[in-house]
Amino acid sequence: MRVPVSWLKEYVPFDEPVEDVAGRLVISSCEVDRIVRRGVPDTDGNLGRYLVGKVVEAGKHPNADRLQLCRVDVGDSEPRQIVCGAWNFGTGATVAVALPGAVLPDGQKLEQAKLRGEVSNGMILSERELDLGVEHSGILVLEEGPEPGTPLADVLPLSDDVLELETGHNRPDLLSVYGIAREVAALLGNELAPPPGADPPRADEEPVDVQIEDFEGCPRYIGRTFRDVRIAPSPPWLKARLVAAGMRPVSNVVDITNYAMLGLGNPLHAFDQSKLRGRRIVVRRARKGEQMRTLDDTLRELDERDLVIADAERAVAIAGIMGSLESEVDDQTTEVLLEAANFEPLTIHRSSERLRLRTEGSNRWEKGVDPYLAEQAAKLATQLLVELTGARWTGDVDRRHELPERPVVHLRPERTDLLVGLRTEPDDQRTILERIGFEVAPDWNVTVPTWRARDVTREADLVEEVARFRLDDVPFTLPQRTVMFGRLTKDQRLRRTVEDVLVGCGLSEAYNWSLVPVDDDPRAIRLPEPLSADQAVLRTTLRHGLIESAQRNVDGGAEDVGLFEIARVYLPTGKKLPEERWRLGAIASGGFRRAKGVVETLHEALKVELRVAAAPQPFLHPGKAARFASGWVGELHPALLDGTWGMFELDLPTLYEAVPDVVHYEDVITYPPVRQDLAFVVDEAVPAGALIDAAREAAGDELREMRPFDVYRGGQVGPGKKSIAFAVTFQSGIKTLTDEEAADLRERIVTALRERFGAELRA
């Protein structure tokens, strides 16, 4: 949100430097991302070079058909000659003039120039050249009144500071200039002006036909009608404020609704009443199959859960989000129906998410707008419509359900001191709360203002309100520690070991969202009200986030990418809460070999035997996928990520259970080993691990190692068969094995594999 300081000072005057005010807001209220200096630079007397001018003579340039040669009175003894390219003014116009030496908002320094043989001793300015708007097709023509030579800064907001703020989701009251002014007044102890807006006299008593069919979605709807509306550009001061606040000026009626929303925080909407069929407003849910073309010229399919504003026949607005193209205010509009309503936040959020349509209005409604604010917003808009468009206010209706009562919360001042850890006198607590709109009774029953009714409901909330105004007084001290004890749990020690091993393997740790767009598990838990479509499902695997992280690294030009993540996944249980499991996932360029190498290194470091078996996965490359006791490892399918990528994921609790509590030392064997290579032909379905298990049973402890190093399939072994070659090591811990003893061990292995698996020895 962008808050022009000149607008802020209209509601709470202050002399403190804007940087100091921003610092106070950061500590107590909201984030201030930066302070933007906009408009005409106000250094070195630059503003004094901008003056109000009166055109005393205007005519065609003698040497150029598209230029005017003007003489402009700027308060000097003689009018200045100025060449101008615009033709939307003539003799007698009051204009904005910059003298030679003036620095424009874009940094350009204006010099006296000669254009087509004629001297131009200044510049007649447009809105865009003053950074007051976007209009550049013609110059800015001012209203009559200011005398020639009047400083332009006395007439227009030429220079301003703008606070760029980031407010919390639970503070919708801060999404307005007046809401920020309320905070600043409390922080500085300055007086806060009354909310802007006052009803002018009503010109007529026309009935306004408004019906609410769904008070749950729309607890309040104020409708006001206006006749003799003159659509025109807004005055420069209004355009300047909207531009500074980050909005584009459209027309006086539309700009007024936006101005009231920015000023007070309650979104408004204006309909061309002559386009409303039956001259009626009906607040209802959308009908099945109903469509509406919104102001962005998009035909949208409505859902029966969507709240709409309709006339007698059709929907003319998606409530709180956007109006229809068929009912918009345009240049021919002379009758306006002003909507100042209140909408239920969840309804607006659901429609906004489903339609993927977010607006300044929907952003405020989703956070919860004070239902009592609609009337004041209607007053401000009504006042401006009458003043700026010449409209007559002819009708008014306020349809509403029972509005919520203000919460009353009991506060114990001593409880504040206990929770905050800082002594605050009861009278000071009372003063702080009253400054921000709370009413404190003598018995410390505190009545919450309507604009804070959603987030202040408990005593602890009141304590927080007091505490945030005392943060400047909190001393910078370290917590006192009298004893030091404690140690890591087994899981914590193992997790640190795992992290060290992975970093040693060249991987970097990544952090990804727990919420993903989709999940392979159809039972995965979907949020009933997701913040966005990209964060709608609780993940059941770390795979999606790691793939996205790898892609971002590649897009950023990184090479030899290796990432790991240790985080929770959320497995559905059929109950209200999911099962949360700690998982380790990793992705690395280099394919299956690199990923399996990391898995082997990890198991070796933890003293856990790794036994893998082929296990195809739809997201892994066919033939390069394996499963082991705690997870899987394989080469990522190339359709998911360009390049050759290895990936694995394992369940940490399962892995930790296999880690031995005590690692037993085995003395180094000094007797020489006997090494042989054995190759067996077996059925395709027989895993290498099963052959190794059978061999160990047959040969006993003297079989030190049996490692597969080659697999052959082809005509020499026949269809449905494969040949697995093993590197075998025989070694005794008490003697040197003879050739006969080694041959006996070999024969025992061959016999066992033949009898159990039908294995045939090839070599």
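Residues numbered from 1 in each chain as written. Predicted model: local features only at pLDDT ≥ 70, side-chain atom pairs only at ≥ 80, totals over all residues. Heavy atoms only, no water.

Participant: When you look at the sheet that holds strand β37 (residues 721-730) in this model, what are you seeing that I'm missing?
Facilitator: Each strand in a sheet pairs with its neighbour through backbone hydrogen bonds, running either in the same direction (parallel) or in the opposite one (antiparallel). Spatially, β36-β37-β35-β38 is the arrangement adopted by the 4 strands of the open sheet, whose pairing is antiparallel. Each end of this open sheet is capped by a strand with a single partner; those strands are β36 (703-712) and β38 (760-761). Judged from the 2 bridges that link them, strand β35 (residues 674-683) and β38 form a sheet pairing that is antiparallel. Within β38, the residue paired with Phe680 across the bridge is Leu761. Of the strands in this sheet, β35, β36 and β37 are in contact with helix α16 (residues 688-699), which crosses β36 at around 150°. On top of the sheet, helix α17 (residues 739-757) reaches β35, β36, β37 and β38; it is set at about 15° to β35, its chief contact. (Pairing = 2+ DSSP bridges. Helix = DSSP H or I, 4+ residues; strand = E, 2+ residues; numbered from the N terminus. Contact = heavy atoms within 4.5 Å. Axes fitted to C-alpha atoms, helices over the stretch in contact; angles between N-to-C directions.)

Participant: Whenever I open this one, the packing of aromatic side chains confuses me. Can you help?
Facilitator: Given two aromatic rings, their pairing is described by the distance between the two centres and the angle made by the two planes. Counted under the stated rule, the structure contains 6 aromatic pairs. Judged by centre distance (4.6 Å) and plane angle (5°), the rings of Trp7 and Tyr259 are stacked. With Trp7 in helix α1 (residues 5-11) and Tyr259 in helix α5 (residues 252-264), the pair connects residues that are 252 residues apart, well separated along the chain. Given the relative accessible area of 4%, Tyr259 is considered buried. Plain terms: the ring middles of Trp237 and Tyr259 are 5.7 Å apart, the flat faces sit at 85° to each other, and that makes the pair edge-to-face. Remark: Tyr259 occurs in helix α5 and Trp237 occurs in helix α4 (residues 236-244); sequence separation between them is 22 residues. (Phe/Tyr/Trp six-rings, centres within 6.5 Å; stacked < 30°, edge-to-face > 60°. Buried < 20%, exposed > 50% of the residue type's maximum accessible area, 1.4 Å probe, protein only.)

Participant: Quick question: what am I supposed to make of the packing of helix α9 (residues 413-420) against helix α11 (residues 459-468) here?
Facilitator: Between two packed helices, what matters for the description is the angle formed by their axes and the separation of those axes. Between α9 and α11, the least distance of the axes is 10 Å, while the angle of their chain directions is 70°. Between α9 and α11, the angle is such that the two are roughly perpendicular. Relative to α11, the crossing made by α9 is right-handed. Counting all contacts with α9, which are made through Arg415, Thr416, Leu419 and Val420, the residues of α11 involved are Glu459, Val463, Val466 and Ala467. Its residues placed into classes, the contact of α9 with α11 shows 5 nonpolar, 1 polar and 2 charged. (Parallel < 35°, antiparallel > 145°, perpendicular 65-115°, else oblique. Left-handed = near helix turned anticlockwise from the far one by under 90°. Nonpolar A, V, L, I, M, F, W, Y, C, P; charged D, E, K, R; others polar.)

Participant: Please clarify how the nonpolar core should be interpreted in this entry.
Facilitator: Soluble globular proteins tend to bury their nonpolar side chains together. Of all hydrophobic cores here, the largest spans 101 residues; its most connected members are Leu8, Leu163, Tyr221 and Ile309. Ile566, Ala586, Ala588 and Tyr656 belong to the second largest nonpolar core, which has 25 residues in total. (Core = buried A, V, L, I, M, F, W, Y, C linked by side-chain atoms within 4.5 Å.)

Participant: Would you explain helix α10 (residues 426-435) in this entry?
Facilitator: What sets the pattern is the α-helix's 3.6 residues per turn: residues three or four places apart point alike. Residues of α10 that are buried: Gln429, Ile432 and Leu433. Down the axis of α10, the buried side of the element spans an arc of 95°, and every buried residue falls inside it. Gly437 sits one or two residues past α10 and shows a positive phi near 100°. (Arc of directions from axis to C-beta.)

Participant: Would you take a moment to explain the sheet that holds strand β2 (residues 31-39) for this structure?
Facilitator: Across the sheet, which stays open at both edges, the 3 strands sit in the order β1-β11-β2 with antiparallel pairing between neighbours. Each of the sheet's edge strands pairs with one partner strand only, and the pair in question is β1 (2-4) and β2. Going across the sheet, the axis of each strand differs from the next one's by a mean of 25°, ignoring polarity. As paired elements, β2 and strand β11 (residues 159-166) share 8 bridges and run antiparallel to each other. Following the sheet pairing, Glu31 is matched in β11 by Glu166. Those strands touched by α4 are β1, β2 and β11, and its axis lies near 140° from that of β1.

Participant: What is the right way to read the pairing of strand β34 (residues 645-651) from this model?
Facilitator: For a regular strand, side chains alternate in direction, first toward one face of the sheet and then toward the other. Among the 7 residues in β34, 7 count as buried, and that is most of the element. Taking every second residue as pointing to the same face, both faces of β34 are buried, with Trp645, Met647, Glu649 and Asp651 on one and Gly646, Phe648 and Leu650 on the other. Sheet topology note: the strand β30 (residues 579-589)/β34 ladder contains 7 bridges and is antiparallel. The residue bridging Ile587 from the neighbouring strand is Met647, located in β34. Taken together, the 5 bridges between strand β33 (residues 631-636) and β34 define a ladder with antiparallel strand orientation. Opposite Glu635, over in β34, you have Gly646 as the bridge partner.

Participant: How should the side chain of Gln676 be read in this particular structure?
Facilitator: Mapping Gln676 onto the fold places it in strand β35. Judged by its relative accessible area of 18%, Gln676 falls in the buried class. Side chain to side chain, Gln676 and Arg746 meet in a polar contact 3.5 Å long. Residues contacting Gln676, with those up to four places away along its chain left out, are Phe726, Ala727, Val728, Phe730, Ala742 and Arg746. (Polar contact = N/O pair within 3.5 Å; in protein donor to acceptor, adjacent residues only side chain to side chain.)

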